[in-house]
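Listed below are the residues making up each chain.
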Amino acid sequence: MTESLQQIINGISLGSIYALIALGYTMIYGVLRFINFAHGDVFMIGAFVGFYLTPFIHRMFGGSVILVGVVVVLCAMAICSLLGIIIEKVAYRPLRSRPKLTILITAIGVSLFLEYGGQLIFGPDPKLFPTLIPSLTVFESQGVILNVNSLIVMATAFILMLILRFIVFKTKMGTAMRAVSYSHQAASLMGINIDTVVTTVFAIGSSLAAAAAILYASVYPSINPLMGIFPGLKAFIAAVLGGIGNLYGAALGGLIIGLIETFVTGYISSTYRDAIVFSILIFILLLKPSGIMGRFEAEKV
């Protein structure tokens, strides 16, 4: 029981990171109906932004660990938001009227460009991410340990999810996002600027990926230009599992994938964790393609 509780804490912490990345996938799919496979590489860029900014910000703000961490996260979110906007305007917007397969191939091309561009700029060797969160124990009882890392990861992810929920369901831009998700044509007839909405969605999704990258690198401090591949794919699986296009489903799917991966590592073998997670994608597509919280939509052909 003690070990299970510890694995649950670890799984929720990891799943919170996957959930943040998955929300970016599901938001973009919701308004454009395609998978942005470059999203995992935006996550990687966010980690490197944090890597290079942390020493500079630390010198500016001194020994205030919380302030340094908050500023690093906000800066990474801002820079990756700008990157997401550039990707959307340069790579995706000119192809919006083209077949979805064209956009999908372009997304893969953007992903490869970021990965190998990252190797050229940052170097292929792994780098040690600076310590943002002190490794302190908050709670310990009968072998169950809750450290500062896990607590901050879960709290930050929860706060960002609440902010996202507020934006989507309580603001005019959120209403416009939901209208565009329902129908581009109807939203345009109602006076909604489709380009502005899509740009905003890319900015928000990319900023969540950046926040997830800082949290991930704080827990797993080795970063490299290919680090976004597996977290990105697992977050995509989480989005599909929860119901692609459904915000609550993406968050739930991220938590489930995090828990499954942690329990497989703890009770079976870390060798099989990726294989089991990827097999979930096959099963969910065979048994319930719409996901846990998704709805089946008939498509005209």
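Higher on the page you've got the structure.
Below: a short report on this structure. Computed from a prediction, not measured in an experiment: that's the story for all the values here.

## As for unusual backbone geometry
- In this structure, Arg-33 takes a positive phi of about 60° despite not being glycine.
- Note on placement: Arg-33 falls in the loop between helix 1 (2-32) and helix 2 (39-61).

## With respect to helix 10 (residues 247-267)
- Over its 21 residues, helix 10 extends 30 Å from the first C-alpha to the last, a length consistent with the 30 Å expected when each residue adds 1.5 Å.
- All of the buried residues along helix 10 are Leu-247, Gly-249, Ala-250, Ala-251, Gly-253, Gly-254, Ile-257, Gly-258, Glu-261, Thr-262 and Val-264.
- Looking at the packing, one finds that the buried side of helix 10 touches helix 1, helix 5 (148-170), helix 9 (229-242) and helix 11 (273-287).
- For helix 10, the N-terminal cap is Asn-246; the gap from its side-chain oxygen to the backbone nitrogen of Tyr-248 is 3.0 Å.

## Brief notes about the packing of helix 5 against helix 8 (residues 194-219)
- The contact between helix 5 and helix 8 brings their axes to 10 Å, and the two run at 175°. On the basis of the axis angle, helix 5 is roughly antiparallel to helix 8. On the side of helix 5, the interface is formed by Asn-149, Val-153, Thr-156, Leu-160, Leu-164 and Ile-167, while helix 8 contributes Ile-204, Leu-208, Ala-211, Leu-215, Ser-218 and Val-219.
- Grouping the constituent residues of the contact of helix 5 with helix 8 by class yields nine nonpolar, three polar and no charged.

## Some remarks on helix 4 (residues 100-122)
- The end-to-end C-alpha distance of helix 4, which contains 23 residues, comes to 32 Å, matching closely the 33 Å that a straight helix rising 1.5 Å per residue would cover.
- Every buried residue belonging to helix 4 is among Ile-103, Ala-107, Val-110, Ser-111, Leu-114, Glu-115, Gly-118 and Phe-122, and all of these are buried.
- On the buried face of helix 4, the contacting elements are helix 2, helix 3 (65-92), strand 1 (127-128) and helix 9.

## Remarks on the environment of Ala-251
- For Ala-251, the location among the structural elements is in helix 10.
- Remark: the alpha-carbon pair of Ala-251 and Gly-117, spanning 134 residues in sequence, is separated by 30 Å.
- Setting aside anything within four residues of it in sequence, one finds Ala-251 in contact with Ala-19, Leu-23 and Met-161.

## Quick notes on the packing of helix 6 (residues 172-182) against helix 8
- It is the contact of helix 6 with helix 8, at a shortest axis distance of 10 Å, that shows an interaxial angle of 105°. Taken as axis vectors, helix 6 and helix 8 run roughly perpendicular relative to one another. Listed contacts from helix 8 to Met-173, Ala-176, Met-177 and Val-180 of helix 6 are Ile-194, Thr-196, Val-197, Thr-200, Val-201 and Ile-204.
- When grouped by side-chain class, the residues that make up the contact of helix 6 with helix 8 number eight nonpolar, two polar and no charged.

## Re the packing of aromatic side chains
- By the definition in use, this model includes 13 aromatic pairs.
- Judged by centre distance (6.5 Å) and plane angle (70°), the rings of Phe-48 and Phe-51 are edge-to-face. Here Phe-48 pairs with Phe-51, and both are found in helix 2, just three residues apart, close to one helical turn.
- According to the relative accessible area criterion, Phe-51 is buried, its value standing at 18%.
- A network of ring pairs unites the aromatic residues Phe-48, Phe-51, Tyr-52 and Phe-122 as a single cluster.

## Some points on the environment of Val-72
- Its place among the elements puts Val-72 in helix 3.
- For the pair Val-72 and Ala-22, spaced 50 residues apart in the sequence, the C-alpha separation amounts to 21 Å.
- In contact with Val-72, other than residues within four places in its own chain, are Gly-50, Thr-54, Ile-57, Leu-132 and Ile-214.

Each value, and the rule that gives it
- Residues numbered from 1 in each chain as written.
- Predicted model: local features only at pLDDT ≥ 70, side-chain atom pairs only at ≥ 80, totals over all residues.
- Heavy atoms only, no water.
- Helix = DSSP H or I, 4+ residues; strand = E, 2+ residues; numbered from the N terminus.
- Expected span 1.5 Å × (residues − 1).
- Buried < 20%, exposed > 50% of the residue type's maximum accessible area, 1.4 Å probe, protein only.
- Contact = heavy atoms within 4.5 Å.
- Polar contact = N/O pair within 3.5 Å; in protein donor to acceptor, adjacent residues only side chain to side chain.
- Axes fitted to C-alpha atoms, helices over the stretch in contact; angles between N-to-C directions.
- Parallel < 35°, antiparallel > 145°, perpendicular 65-115°, else oblique.
- Nonpolar A, V, L, I, M, F, W, Y, C, P; charged D, E, K, R; others polar.
- Phe/Tyr/Trp six-rings, centres within 6.5 Å; stacked < 30°, edge-to-face > 60°.

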